[in-house]
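# A look at the structure
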Amino acid sequence: MPIKIATICGSVRPGNYTSMALNLALDELAKYPDVEVTPTYLEHLDLPLPGLPAKNPDAIEQFQNTVKDSTAVLLASPEYHGGISSPMKLAIDNLGFPSMLANKPVSLLGVAAGVIGAIKSTEQLRAICAHVGAIPLPAVVSVAKVQQIFDPDGACLDADMEKLIRSSATNLIEYVKDTVCAKVSLEEVLRQMGERHE
Ligand SMILES: Cc1cc2nc3c(=O)[nH]c(=O)nc-3n(C[C@H](O)[C@H](O)[C@H](O)COP(=O)(O)O)c2cc1C
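Given the structure is predicted, the values throughout are model-derived calculations rather than measurements. (Residues numbered from 1 in each chain as written. Predicted model: local features only at pLDDT ≥ 70, side-chain atom pairs only at ≥ 80, totals over all residues. Heavy atoms only, no water.)

Now for the layout of surface pockets. A volume near 260 Å³ is recorded for the largest pocket. Along the walls of the largest pocket sit Met 1, Pro 2, Ile 3, Lys 4, Asp 69, Thr 71, Val 176, Val 180, Cys 181, Lys 183, Val 184 and Glu 187, which together make up its complete lining. Secondary-structure elements contributing two or more residues to the lining of the largest pocket are strand S1 (3-9) and helix H6 (159-196). With 6 residues, H6 is the single largest residue contributor to the lining of the largest pocket. Classifying every residue of the lining of the largest pocket by side-chain character gives 7 nonpolar, 1 polar and 4 charged. (1 Å grid on protein atoms, 1.4 Å probe; cavity = no way out; pocket = protein on both sides within 12 Å on 5 of 7 lines; lining within 4 Å. Points joined across faces, edges and corners; volume = space filled by probe spheres on them. Helix = DSSP H or I, 4+ residues; strand = E, 2+ residues; numbered from the N terminus. Nonpolar A, V, L, I, M, F, W, Y, C, P; charged D, E, K, R; others polar.)

This paragraph deals with the site of the ligand. Taken together, 16 residues lie around the ligand, and Ser 11, Arg 13, Thr 18, Tyr 80 and His 81 are the ones closest in. Between the ligand and Ala 113 there is a distance of 3.1 Å, counted from an oxygen atom to a backbone nitrogen or oxygen. Alone, the ligand offers 610 Å² of accessible surface; in the complex the protein occludes 74% of this. Split into classes, the residues belonging to the shell around the ligand amount to 7 nonpolar, 7 polar and 2 charged. (Near = heavy atom within 4 Å. Polar contact = N/O pair within 3.5 Å; in protein donor to acceptor, adjacent residues only side chain to side chain. Areas by Shrake-Rupley, 256 points an atom, 1.4 Å probe, with all protein chains shown as cover.)

For strand S3 (residues 72-78), a buried count of 7 out of 7 residues is recorded, marking the element as mostly surrounded by other parts of the structure. Burial of the side chains of S3 extends over both faces: Ala 72, Leu 74, Ala 76 and Pro 78 are buried on one face and Val 73, Leu 75 and Ser 77 on the other. Alignment of S1 against S3, held across 5 bridges, turns out to be parallel. Across the sheet, the residue bridging to Cys 9 is Ala 76, located in S3. (Buried < 20%, exposed > 50% of the residue type's maximum accessible area, 1.4 Å probe, protein only. Pairing = 2+ DSSP bridges.)

The next subject is unusual backbone geometry. Looking along the chain, the bond that leaves Phe 97 and enters Pro 98 is cis, with omega of 5°. Although it is not a glycine, His 81 adopts a positive phi angle of roughly 50°. With respect to the helices and strands, the residue His 81 is situated in the loop between S3 and helix H3 (86-93). Accessibility expressed as a relative area gives 89% for His 81, which makes it exposed. Backbone geometry at Asn 103 places phi at a positive 70°, although glycine is not the residue there.

With that settled, the discussion passes to helix H4 (residues 119-131). The end-to-end C-alpha distance of H4, which contains 13 residues, comes to 18 Å, matching closely the 18 Å that a straight helix rising 1.5 Å per residue would cover. Along H4, the residues that are buried comprise Ser 121, Thr 122, Leu 125, Ile 128 and Cys 129. With its buried residues spanning 125° around the axis, H4 presents them on a single face. Turning to H4, the residues buried within the fold contact S3, H3, strand S4 (105-111), strand S5 (135-136) and strand S6 (141-143). Once H4 finishes, Gly 133 follows within two positions and takes phi at roughly 90°, a positive value. (Expected span 1.5 Å × (residues − 1). Arc of directions from axis to C-beta. Contact = heavy atoms within 4.5 Å.)

With that settled, the discussion passes to the packing of helix H1 (residues 17-29) against H6. Running from amino to carboxyl end, H1 crosses H6 at an angle of 50°, the nearest separation of the two axes being 8 Å. Comparing the axis directions of H1 and H6 gives the class oblique. Remark: the crossing between H1 and H6 carries right-handed chirality. From H1, Ala 21, Leu 24, Ala 25, Asp 27, Glu 28 and Leu 29 reach across to H6, where they touch Glu 162, Ile 165, Arg 166, Ser 168, Ala 169, Thr 170 and Ile 173. (Axes fitted to C-alpha atoms, helices over the stretch in contact; angles between N-to-C directions. Parallel < 35°, antiparallel > 145°, perpendicular 65-115°, else oblique. Left-handed = near helix turned anticlockwise from the far one by under 90°.)

Right under this line is the structure:
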């Protein structure tokens with residue numbers, strides 16, 4: 001059974017830096033033959049405000065099913081005014097109440113122009129994820145001064161930061177393999193043992 005990873009990019013700005021960082025994580029995920037990745041870019045979704053009808057319900061349902069069917073999720077948010085972006089919050093609000101993120105391991109990647117990095121947004125994202133019953137990983141990646149880390153074409157100029165950003169993907173896969181996959185394997189062994197004793 002493949003490991004299914006859903007990723008959400010929380011910036012919809014043309015030329016945004018969050019997707020540049022996310023691209024490194026996606027590149028890392030692509031190295032795993034047993035991992036299927038479905039990225040969501042919110043500018044294509046036209047998500048409704050909570051409580052209002054969707055203009056494109058099929059696309060919203062597809063987004064929801066992607067998260068619902070995923071083994072784990074990677075959330076990449078820019079730091080906007082000391083918090084997560086409104087598109088990222090809207091994406092989470094469109095994942096139901098109770099949330100489809102519940103029980104999903106979630107890797108957090110924050111991107112900021114400022115010197116302190118995406119500390120506030122990733123903390124906020126961690127709190128929201130925990131609140132909806134997701135399992136935010138302890139290791140969070142925060143990118144500071146992002147305009148110095150990537151050139152405008154998205155090439156990473158800092159090898160240490162590139163390694164750190166890529167770890168947002170590898171940490172998630174390692175967590176899934178150590179916990180979710182191990183649990184599924186153990187359950188299968190126990191089921192087979194039970195069948196043999198019947
Ligand atoms: C509405 C808005 C608010 C922002 N607030 C902050 C902030 O509080 N701290 C910070 O470091 N950068 C802030 N920025 C800059 C973003 O962090 C910067 O654009 C960075 O590249 C990540 O966003 P992006 O993925 O949209 O490019 C803000 C940008 C916007 C558009």
